[in-house]
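Listed below, chain by chain, are the residues.
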Amino acid sequence: DVKSFGSFTLTYNDGLAERTTKRSFVGAGTVSYLSINRAEPYDYGTIAVGATADITFTVTCNGSTACSSLSASALSAPFTYKGGSYPGTGADCGSSLAAGASCTIITTFSPTADVKSFGSFTLTYNEGLAERTITRGMIGVGAVSYLSINRAEPYDYGTIAVGATADITF
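Residues numbered from 1 in each chain as written. Predicted model: local features only at pLDDT ≥ 70, side-chain atom pairs only at ≥ 80, totals over all residues. Heavy atoms only, no water.

### Observations regarding the nonpolar core
Turning to step 1, where the next piece is worked out: If you look at the biggest cluster of nonpolar residues, it comprises 25 residues, and the most contacted ones within it are Leu 34, Tyr 44, Val 59, Phe 121 and Leu 123.
Turning to step 2, where the next piece is worked out: Secondary-structure elements contributing two or more residues to this core are β3 (32-36), β4 (42-48), β5 (53-63), β7 (79-81), β8 (102-109), β9 (116-126) and β10 (131-143).
Turning to step 3, where the next piece is worked out: Counting residues per element, this core draws most heavily on β5, which supplies five residues. (Core = buried A, V, L, I, M, F, W, Y, C linked by side-chain atoms within 4.5 Å. Buried < 20%, exposed > 50% of the residue type's maximum accessible area, 1.4 Å probe, protein only. Helix = DSSP H or I, 4+ residues; strand = E, 2+ residues; numbered from the N terminus.)

Quick look at the structure:
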């Protein structure tokens, strides 16, 4: 927040003499900004293909004025807002956020392939003086993991004499 002081002077002739008048003024600019509590970019880590992982982002309006006209960009697969739409099922961000207040956004990572994915969401808002944006990147890795054993099931040891042993390497 910035408080500014100034003045202006008018000089004029009223028909009899030159005159001067002066006016002082003061104004305060209030600026607020949004912050998001997770690291940039947020890393979901490695998630099995077909599984999902949710993360809650906390958004805070910092400053002395409300952050108004709050809206969010669409997400690209495999990232979504939980339940499909902003701010995500169970989250509470709306179209405005009071100065000093916080709200939540929930995103979901649902990998469909064994690949590293990148995404982001952008919040657009008015901080009292102008429209602003903040973006949070997201990363996640889809993994197809399985174990295989090189022998058919069930493995047949065959006939072994009582007291003898047989080893097999799997």
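Don't stop here, the text continues.
### Description of the sheet that holds β10
Turning to step 1, where the next piece is worked out: Read across the sheet, four strands follow the order β4-β10-β9-β6 without closing on themselves; strand pairing throughout is mixed. Two strands bound the open sheet, and with one partner strand each, they are β4 and β6 (68-72). Strand after strand, the sheet turns through a mean of 20° between neighbouring axes, direction not considered.
Turning to step 2, where the next piece is worked out: The pairing of β4 with β10 spans five bridges and is classified as parallel. (Pairing = 2+ DSSP bridges. Axes fitted to C-alpha atoms, helices over the stretch in contact; angles between N-to-C directions.)

### A word on the pattern of salt bridges
Turning to step 1, where the next piece is worked out: Counted under the stated rule, the structure contains three salt bridges.
Turning to step 2, where the next piece is worked out: Measuring nitrogen to oxygen at the nearest pair gives 2.9 Å for the salt bridge that ties Glu 127 to Arg 132.
Turning to step 3, where the next piece is worked out: By relative accessible area, which is 38% here, Arg 132 ends up partly exposed. (Salt bridge = Lys/Arg side-chain N within 4 Å of Asp/Glu carboxyl O.)

### Examining the pairing of β9
Turning to step 1, where the next piece is worked out: Taken together, the three bridges between β6 and β9 define a ladder with antiparallel strand orientation. Note that in β9 the partner of Ser 68 across the bridge is Asn 126.
Turning to step 2, where the next piece is worked out: Sheet topology note: the β9/β10 ladder contains 11 bridges and is antiparallel. If you follow Asn 126 over to β10, its bridge partner there is Glu 131.
Turning to step 3, where the next piece is worked out: If you look at the hairpin formed by β9 and β10, you'll find four residues sitting between the two strands, and Gly 128 has a positive phi there, around 110°.

By themselves, these figures tell us nothing about what the structure is for.
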